[in-house]
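A structural walkthrough
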Amino acid sequence: MRGVGLGAVILIASLLIGPFAHARPAAAAGACDTPGAPTKTIYLPNITKTLGGPTGWVTPFVVQNIGTGVATLEVAFYEFTSGLLVTCRKITGLAPNTSFADVPNNDPDLPHDSAFSVVVRSFGSDAVAVVNEHQGSGTRSESLSYVGFTSGTTQVHLPYVPKTVGGWLTTFVIQNLGATPASVTAAFVSSDGLRRATLNRSVLPGRAAVVNPLVEPTLVAGVEYAVTLTSTQPIGVVANAHNDAADVVAPMAFSYNGTTSAGPADVYLPYVAKNVLGRSSRLVVQNAGVSDAMPTIRMTSRSGAQVTLTSPGPVAGGRTWSPDLRGVADGEHSAVLSGGALTALVITTDPTSAFGYTGQRPSPSRIFLPNVTRSLGGHLGWTTPLVVQSAGAASAFLRWYRFSDGQLVHTQALGALTPGAGLRVDPVNVAGLADNSQYAVVLDAPGPITALVLEFSRSGGDSAMAYEGFASAAAATPVPFSVTLTPVTATLQRGQTARFVAAVRDQFGAVMAAPPLSWSVTPATLGTIDANGLFTAGQAGGTGTVRVTSGVASATSGTVSATAAVTVQVPTTATVGGITFRVTATATSDAYVEASISESDGQTITASVDADVAKVQTEFSRAFAARPRIYVFGSAASATLGNRTIFGMSATEAARFANVNGFYDTDTANTVAVNWHNVRDSRPITTTRHELTHVMIQQIAGPEAWLPAWFNEGNARLVDNTVPGARWLADTNRYTAASAAAQVPSRLLPLSDLSDQEVWNARTAPALHFQYYEASRAAQFVRDDVGIAGTIRILDLMRQGPSGRSTYLATFEAAFQTVTGRSLSSFASAFPERLRTSVPVYPGIAVTTETPDGPGLHFVAYGFSPGAAITFSLAGPSKGTYTATADAYGVLRRYFTTAFNWIPGSYVVTVTESALKTATVTGTLAAPATGLSDWLDATGSSGLLLVGEDPPGRLE
């Protein structure tokens, strides 16, 4: 290295100690006696302590454990001139991803004004090292950086070795990485090929030798050389370029590692600048082969624009070419060098600073960056942006480990990478990182990748450095990178269970098949959770969280976690209208469940309330004006009593409404009653959602509004069909109504007969049930014409018009015409034909895997003759042929489940009335199935299930 002028001062505290503020204390010197072979040996050719005097060069270095085990380090310092071992420092217990840092100026066992070659041996784990070189202060400070060698070669190339060219001088240090003395020949050639020279050095194992062009008379001043070094042993070479003579106003310098060539292959240059804050780059390309080469450089700007530069003529072996960048646009670029066995150096300067790095061959998928900082030492301190360049990877993933303790503190995904292009990541802009902090970073990608670390401070002088990322030869092992947990919230009754599912993705964005998972509940009294994510609510109740963690709690990979909010409700007891209820305040409603109902059954109804409320509010794009209250009666007797004492019904009305599935109270506008004794065995249970829809419709239309029953009930049935497991009900509605319309004569009820709610309520089976099917289709046609927004608009206009039963139909007709643009009578007259043509084929069969008893196979055969004798068969993993009778609308419905020995799989379903009326469809019988609905008859060991009508007495 060149010395500094007299009077220069090194600010060790601010300039040197700052970047290594979290370094481990220097270990005491000891013998290099760790048994066994080292896992990794790292060579640092040029380490100094106050070289040139008290104000001279110092080279702090960082060694990072990049393996999975705990490392023991031996750091051996060899004196430059004699090659003698000065000291061996031993560091034990270095955890994965943690670092050891050494500042030679702080080491009392090292002599002053000295240079050393250092050998670091890591036992128990892999390691890498970065060296920073500093001298001076303020405007005369200089900063350089190079990376340690973990392997050497017998031929090394240095593209840029000037001897006082424009003030620049390059010295270089050769370290013997072999086991025996090395004879090294350095062949110098000028860029024009006219000047040549040869120098020789002999270097002992682990030791180093220096070449300083200033003292070599065979080298001509004012000439820029390229050098090829050939050795009898593997060597590593570090070049230090300086422009820091005493008369230079703004001294600057940079270091770079000598490179080798593995034959013709692309070389990647992540950062090339042109007029960026006064900073521009020069590229020096060296032909490392024997034959002539024709280099080309493809430049890609940050915006994606590309320019290709081509050498004007062949470049001979050992010589260099420096492309003209005047045709390249201003800005930051990345580049790819092609065209032979080439190496490259990028030199970037501005008026006060310089840094350099060598071109890279991409890593298969992983790169280590040992020393990355954010405002280290304060707002003027060191910040080190990364430049990630794709060599084929479409994305990349960063893991940031805190330097001091190795803990993973942040993960970051980089998407939409383009091969050849670069992406700059500035730690200052990464929200998960802290100021005045230092990190080790691991970069993973699902394909070839390169990376460069740029080091800048604003403390003045030559405060710029760069070092290349350390490529891993092996593909990156997938590790947990992110986890999502569903559901994100859960509300349960005590003793209830809920299944939480964790989806873990690795650093490449792929879902991990069997990631390591651990589960916990806070507070512990909230409940328990097993290894499969099954949460069981405790008896105490309260609120808390379920947490899932994936990964191994170590510095190697770290862990990722996600949480879900959980509420366990404990019912209170209240007596209302002479009936004792268990009262549960769910997230959206208040559920009053009669105490005679089992707690398990009560939990079933309350568990669905929040989902029902949420669906109704989403459907109509507004919240309930008042918190809904749901009364659940356990018997006809208690329902009769509650209808009188709570809802104020007459004795006749109370008995009548005790036998329906449910109703809503028009007086309170937020109260729903559910007769559990009628609906407990239905699958799915739709009553609460149905009645809440009526509450919402009344809220929008107004408490005095009367709506046609088909519009009111039809919209409620449409919302019924959204309950999970209700696909079979939706099919029944659609195809039974269409089948009725297709009969001659039509079996439809005129819409005018479906307008009065009291007439509606008085109907008996089968019209009692069919009217819901027909009404749901009429309501759907309105939605098809004007959307749900149009349906809501009709309700809004109802509120604005005259109220009362005597005017309800005229008010609805006016609102209907305003929104749809057609009269209600026109809609009603066109309805039968529209319904008939809504199904293109008669007869036909609709199938679904949802049945009234869970997964299985449900079919609706439609378009047959009312009351006709029907033969139907299933052919698949199981087989059967049966006879039945079509209903009054020409429909036959059946379902099959594994509960009656039907084997899951694909089935061909055939339904025949006569040779002229046959339909066939292929469907799937899904598994598993649980139980049977009480209102369905099971016949025969074959598993034939005869589906009857809806539960008798159903009134909605």
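Residues numbered from 1 in each chain as written. Predicted model: local features only at pLDDT ≥ 70, side-chain atom pairs only at ≥ 80, totals over all residues. Heavy atoms only, no water.

Considering the sheet that holds strand β6 (residues 114–123)
Spatial ordering of the open sheet is given by β1-β6-β3-β4, a layout of four strands whose pairing is antiparallel. Each edge of the open sheet is held by one strand with a lone partner, namely β1 (40–49) and β4 (85–94). This sheet shows a mean twist of 20° between the axes of neighbouring strands, independent of strand direction. Pairing geometry for strand β3 (residues 71–79) and β6, over eight bridges, is antiparallel. The residue bridging Ala-76 from the neighbouring strand is Val-119, located in β6. (Pairing = 2+ DSSP bridges. Helix = DSSP H or I, 4+ residues; strand = E, 2+ residues; numbered from the N terminus. Axes fitted to C-alpha atoms, helices over the stretch in contact; angles between N-to-C directions.)

A closer look at the sheet that holds strand β21 (residues 331–338)
Backbone hydrogen bonds are what pair the strands of a sheet, in a parallel or an antiparallel way. An order of β16-β21-β18-β19 is seen for the four strands of this open sheet, with the pairing classed as antiparallel. Two strands close off the open sheet at either side, each with one partner strand: β16 (267–274) and β19 (306–310). If you compare each strand with its neighbour and ignore which way they point, the axes differ by 25° on average. Summarising the sheet, strand β18 (residues 296–301) and β19 pair through five bridges and their orientation is antiparallel. Bridge pairing in β19 places Thr-296 opposite Thr-310.

What to know about the packing of helix α8 (residues 727–742) against helix α10 (residues 767–800)
Between α8 and α10, the shortest axis-to-axis distance is 8 Å and the interhelical angle comes to 95°. Relative to α10, the element α8 lies roughly perpendicular. Two secondary-structure elements touch here, α8 through Thr-732, Asn-733, Arg-734, Thr-736, Ala-737 and Ala-740 and α10 through Phe-770, Tyr-773, Glu-774, Ser-776 and Arg-777. Here the contact of α8 with α10 is built from residues that sort into four nonpolar, four polar and three charged. (Parallel < 35°, antiparallel > 145°, perpendicular 65-115°, else oblique. Contact = heavy atoms within 4.5 Å. Nonpolar A, V, L, I, M, F, W, Y, C, P; charged D, E, K, R; others polar.)

Description of the pairing of β18
Linkage of β18 to β19, two consecutive antiparallel strands, is achieved through a turn of four residues, within which Gly-304 is found at a positive phi near 100°. For β18 and β21, the ladder comprises six bridges, and the chain directions are antiparallel. Bridging from a neighbouring strand, Thr-296 pairs with Ser-338 of β21.

Overview of the layout of surface pockets
There is about 940 Å³ of room inside the second largest pocket. Every element with two or more residues in the lining of the second largest pocket is listed here: α4 (651–657), β46 (662–665), α6 (687–701), α7 (709–720) and α9 (757–762). Among the elements that take part in the lining of the second largest pocket, α6 stands out by supplying five residues, more than any other. A per-class count over the lining of the second largest pocket returns 13 nonpolar, nine polar and nine charged. (1 Å grid on protein atoms, 1.4 Å probe; cavity = no way out; pocket = protein on both sides within 12 Å on 5 of 7 lines; lining within 4 Å. Points joined across faces, edges and corners; volume = space filled by probe spheres on them.)

Quick word on the nonpolar core
One finds Phe-620, Val-632, Leu-707, Trp-710, Phe-711, Leu-795 and Phe-812 to be the most contacted residues of the largest nonpolar core, which totals 60 residues. The residues contacting Val-632, other than those within four sequence positions of it, are Phe-581, Tyr-592, Val-593, Glu-594, Ile-597, Ile-605, Val-674 and Trp-676. Ranked by size, the runner-up nonpolar core spans 32 residues in total, among them Val-184, Met-252, Val-284 and Ala-354. (Core = buried A, V, L, I, M, F, W, Y, C linked by side-chain atoms within 4.5 Å. Buried < 20%, exposed > 50% of the residue type's maximum accessible area, 1.4 Å probe, protein only.)

Let's talk about the environment of Ile-449
Along the polypeptide, Ile-449 turns up in strand β30 (residues 449–456). Setting aside anything within four residues of it in sequence, one finds Ile-449 in contact with Pro-362, Ser-363, Ser-365, Ile-367, Val-388, Gln-389, Ser-390, Ala-391, Ala-393, Leu-417 and Leu-443.

Focus on unusual backbone geometry
Backbone phi values are negative for most residues with the exception of glycine, while trans is the configuration of most peptide bonds. Here Thr-522 and Pro-523 are connected by a cis peptide whose omega angle stands at -5°. A cis amide bond links Tyr-842 with the next residue in sequence, Pro-843, at an omega value of -15°. With respect to the helices and strands, the residue Pro-843 is situated in the loop between α12 (824–837) and β48 (844–851). The backbone phi angle of Thr-50 is positive, close to 45°, even though this residue is not glycine. As for its position among the elements, Thr-50 is in the loop between β1 and β2 (61–65). Residue class for Thr-50 comes out buried when judged on its relative accessible area of 7%. In the Ramachandran plot, Asn-901 falls in the positive-phi region, its phi being about 70° despite a non-glycine side chain. Judged by relative accessible area, Asn-901 falls into the exposed class, the value being 58%.

Things to note about the pairing of strand β43 (residues 579–585)
Of all seven residues that make up β43, five are buried, and the element is covered over most of its length. With five bridges joining them, strand β42 (residues 572–576) and β43 adopt antiparallel strand pairing. Within β43, the residue paired with Ala-574 across the bridge is Phe-581. From the end of β42 to the start of β43, which pair antiparallel, there are two residues, and Gly-577 there has a positive phi angle of about 60°. Across five bridges, β43 lies against strand β44 (residues 590–594) in antiparallel orientation. When the bridges of β44 are listed, Ala-585 appears paired with Asp-590.

Considering the environment of His-333
Within the fold, His-333 resides in strand β21. Residues His-333 and Gly-420, spaced 87 residues apart in sequence, show a C-alpha to C-alpha distance of 9.7 Å. In contact with His-333, other than residues within four places in its own chain, are Pro-270, Tyr-271, Val-272, Met-299, Thr-300, Ser-301, Arg-302 and Val-328.

Remarks on the pattern of salt bridges
Counting across every chain of the model gives 27 salt bridges. A salt bridge links Lys-40 to Asp-126; the shortest N-O distance between them is 3.8 Å. Residue Lys-40 is located in strand β1, and its partner Asp-126 is located in the loop between β6 and β7 (127–135); the two are separated by 86 residues in the primary sequence. Asp-601 is the partner of Arg-680 in a salt bridge, and the nearest nitrogen-oxygen pair spans 2.9 Å. Note that Arg-680 is positioned in the loop between α5 (676–679) and α6 and Asp-601 in helix α2 (residues 599–619), a separation of 79 residues in sequence. (Salt bridge = Lys/Arg side-chain N within 4 Å of Asp/Glu carboxyl O.)

Geometry only, nothing functional implied.
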